[in-house]
Structure formats: structure tokens, C-alpha cells
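Residues per chain, in single letters:
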Amino acid sequence: MNITKFFYTFHTLMRRDVDEVTEVMDDINENIAMADEIGEAMSETVGADVDEEDLEAELAELENEAMDEEMLKEPELPVIEQKTRSAEKKRDTTQEILAELEGAPNVPVEP
């Protein structure tokens, strides 16, 4: 291999490596710029500025409304339970009367 061919090959390889490194560096710089733009966009507030005192006042108002609604509800009465207890009481009374009659002496009734 002659020296000219060696330098030509060496220069070609070096040029290609430098071009590849430059291309990679350009890609990296573009990605860094894009990441910076995304970071700036994410750090911006969306919508109007919100006042903390207004939010707390609105929350208190909603809580008061919910409490008022809860207090105005009619209490639930266990109607079924009352009816069941009443029926059980009648049944117990009837069974007690029947038990007393069964234990009573037989008295002949004359016509």
C-alpha cells in the first residue's frame, strides 16, 4: 500500500467519523432544546389564577349545604320491625292463653 492511498483512506475514515459525531451532537442538541420547551410548557399554569381563600370559602359553603340536607332528612323508622314485634306479641299472648286452657281442669257443662 502506498502512502498516498493510506492517507486517502485515513482521511476518508476520519471524515466519516467526524461527520457521524457532528450528526449525533446535532441530534442531542435538538433533543435537549425540545426537552427544555416541554419543561417550560409543563411549568406554566393552565387557566386563571385561583385564590386560595375563595376556594376555602366555596368548600365551606358546600360542606354547610351537605350538612343542611342531612339534617333536613326525615329519620327512617323501622316500620317493618314494629309490625313484626306486634305480630310476635299477639302470637305469644295467644299461645299463653291456649297453654292455660289446656292446663285447666275439664268441667262438664250441663245443657
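Each remark here, short or long, concerns the structure printed above.
Residues numbered from 1 in each chain as written. Predicted model: local features only at pLDDT ≥ 70, side-chain atom pairs only at ≥ 80, totals over all residues. Heavy atoms only, no water.

(A) Just the overall build of the protein chain, in detail. From N to C terminus, the protein chain includes three helices and zero strands. Traced from its N-terminal end to its C-terminal end, the protein chain shows the element sequence α-α-α. Looking at the protein chain as a whole, 0% of its 111 residues are labelled buried. Split by element, the accessible area of the protein chain, about 11400 Å² in all, is 58% carbon and sulfur. (Helix = DSSP H or I, 4+ residues; strand = E, 2+ residues; numbered from the N terminus. Buried < 20%, exposed > 50% of the residue type's maximum accessible area, 1.4 Å probe, protein only. Areas by Shrake-Rupley, 256 points an atom, 1.4 Å probe, with all protein chains shown as cover.)

(B) Highlighting the pattern of salt bridges. Scanning all chains against the criterion turns up one salt bridge. Where Lys 73 meets Glu 70, a salt bridge forms, and the shortest distance between an N and an O atom there is 3.7 Å. According to the relative accessible area criterion, Lys 73 is exposed, its value standing at 56%. Among the residues examined, Glu 70 registers a relative accessible area of 52% and is labelled exposed. (Salt bridge = Lys/Arg side-chain N within 4 Å of Asp/Glu carboxyl O.)

(C) Spotlight on a nonpolar patch on the surface. A cluster of nonpolar side chains, Ile 3, Phe 6, Phe 7, Phe 10 and Met 14, forms an exposed patch at the surface whose accessible area comes to about 520 Å². The residue Ile 3 is located in helix α1 (residues 3–43) in this model. (Patch = residues over 30% accessible without salt bridge, like charges linked within 9 Å, V, L, I, M, F, W, Y side chains within 5 Å.)

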